[in-house]
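Okay, here's what each chain looks like letter by letter:
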Amino acid sequence: MSDRDGKIWFDGQLIDWRDAKIHVLSHSLHYGLSVFEGVRAYDTELGTAIFRLPEHTRRLLNSAKIFQMKVPFDAATLEEAQKAVVRENGLKSCYLRPLIWLGDDKLGVSPRGVKVHVMIAAWPWGAYLGEDGINKGIRVKTSSYTRHHVNVSMVRAKAGGHYINSILANNEALADGYDEAMLLDTEGYVSEGSGENLFIVKQGKLYTPDLASCLDGITRDSILTIARNLGIEAREKRITRDEVYCADEAFFTGTAAEVTPIRELDNRVIGEGTRGPITTKLQTAFFDVVKGKDPAYRHWLQPVNA
Ligand code: PMP
């Protein structure tokens with residue numbers, strides 16, 4: 001990905017994509033402490049617009065706060081920078097990746113005295129779990145790896161090191177012929193996917209695991225809001241893996257994954273084994289919202305040219 005035209009925002013400057021490099025002795029590369037976001041901009045009725053930009057930027061800065069990383073830029077600067085990256089790269093719709101990491105001033109576990117850096121890149125990225133996945137649903141495996149415990153890693157943070165656990169789970173699922181993993185928490189309840197939150201539908205009601213070990217997903221929050229506004233009862237609660245087997249419908253949510261139906265878990269067909277009616281309703285509503293077609297949610301869109 002490194003050798004291409006374009007601009008990357010790097011510590012306050014837009015620089016050439018291929019010049020956005022760091023040293024091999026960077027602290028984050030050795031000990032895994034970085035925090036990041038995944039954000040999407042859509043081609044909307046208002047022009048290109050970033051979905052829930054303030055919420056993503058707030059989560060990014062909160063992730064940094066949790067790990068006591070002193071970020072040399074405020075939220076307003078980072079929001080403007082994200083808009084500038086989309087604009088300057090001439091992108092109509094894209095995925096954005098803001099990253100905060102520790103520099104190469106010294107090694108040793110303590111990050112004291114190590115400079116905090118920030119970069120923002122953006123590039124086109126289609127359906128994360130495939131177009132077929134969006135339309136027909138994916139096959140998921142319960143992971144043999146457990147999701148983070150709340151007092152081992154700080155799960156409110158979206159931190160680079162957390163994704164070692166996601167990679168283990170995702171590698172295992174793909175190697176076994178599935179499309180994605182579902183991880184359980186340390187007590188054996190459903191937590192989330194390797195990069196997505198999970199929902200089930202049972203008798204017309206929507207359920208998602210409460211915010212213990214899973215990420216406080218912005219798409220999760222959007223779906224809960226959209227569902228309630230559509231009159232669909234939506235609750236956060238503990239969910240067991242056999243509740244997912246017996247659900248009428250299930251789906252993943254995430255900035256990258258958007259709304260992706262789950263048609264099978266551990267070789268048990270969920271519902272009819274296709275994208276169910278409530279999933280379809282919520283997925284359609286979600287795509288209308290992100291594309292600016294629903295005026296009630298325009299406040300979730302920040303046009304990059306405004
Ligand atoms: N859980 C994990 C582990 C993730 O990586 C993501 C993607 N950021 C999500 C959930 C979904 O979060 P969001 O909807 O904010 O992208």
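Look up a bit, the structure's there.
Residues numbered from 1 in each chain as written. Predicted model: local features only at pLDDT ≥ 70, side-chain atom pairs only at ≥ 80, totals over all residues. Heavy atoms only, no water.

**Quick word on the site of the ligand**
Close to the ligand lie 16 residues; Tyr 163, Glu 192, Ile 218, Thr 219 and Thr 255 are nearest. Within the side chain of Lys 158, one N or O atom sits 2.8 Å away from a nitrogen atom of the ligand. Considering the ligand on its own, with 390 Å² of exposed area, one finds that the protein chains cover 96% of that surface. Those elements that place two or more of their residues in the shell around the ligand are helix H6 (218-229) and strand S14 (249-254). Residues that form the shell around the ligand fall into these classes: 3 nonpolar, 8 polar and 5 charged. (Near = heavy atom within 4 Å. Polar contact = N/O pair within 3.5 Å; in protein donor to acceptor, adjacent residues only side chain to side chain. Areas by Shrake-Rupley, 256 points an atom, 1.4 Å probe, with all protein chains shown as cover. Helix = DSSP H or I, 4+ residues; strand = E, 2+ residues; numbered from the N terminus. Nonpolar A, V, L, I, M, F, W, Y, C, P; charged D, E, K, R; others polar.)

**Focus on the nonpolar core**
Trp 9, Ile 50, Met 69, Val 86, Leu 96 and Ile 100 are the most contacted members of the largest nonpolar core, which has 27 residues in total. Elements with a minimum of two residues in this core: strand S4 (39-44), helix H2 (53-66), helix H3 (75-88), strand S6 (94-102) and strand S7 (116-123). In contact with Trp 9, not counting residues within four places along its chain, are Leu 14, Phe 73, Thr 77, Leu 78, Ala 81, Val 85, Val 118, Met 119 and Ile 120. Counting residues in hydrophobic clusters, the runner-up holds 25 residues, among them Phe 199, Ile 223, Phe 286 and Val 289. (Core = buried A, V, L, I, M, F, W, Y, C linked by side-chain atoms within 4.5 Å. Buried < 20%, exposed > 50% of the residue type's maximum accessible area, 1.4 Å probe, protein only. Contact = heavy atoms within 4.5 Å.)

**Examining the environment of Arg 4**
Tracing the sequence through the fold places Arg 4 in the segment before strand S1 (7-10). Looking at Arg 4, the relative accessible area reads 30%, which means it is partly exposed. Along the backbone, Arg 4 and Asp 19 are 15 residues apart, and their C-alpha atoms lie at a distance of 10.0 Å. Residues within four places of Arg 4 in sequence aside, it is in contact with Trp 17, Arg 18 and Trp 123.

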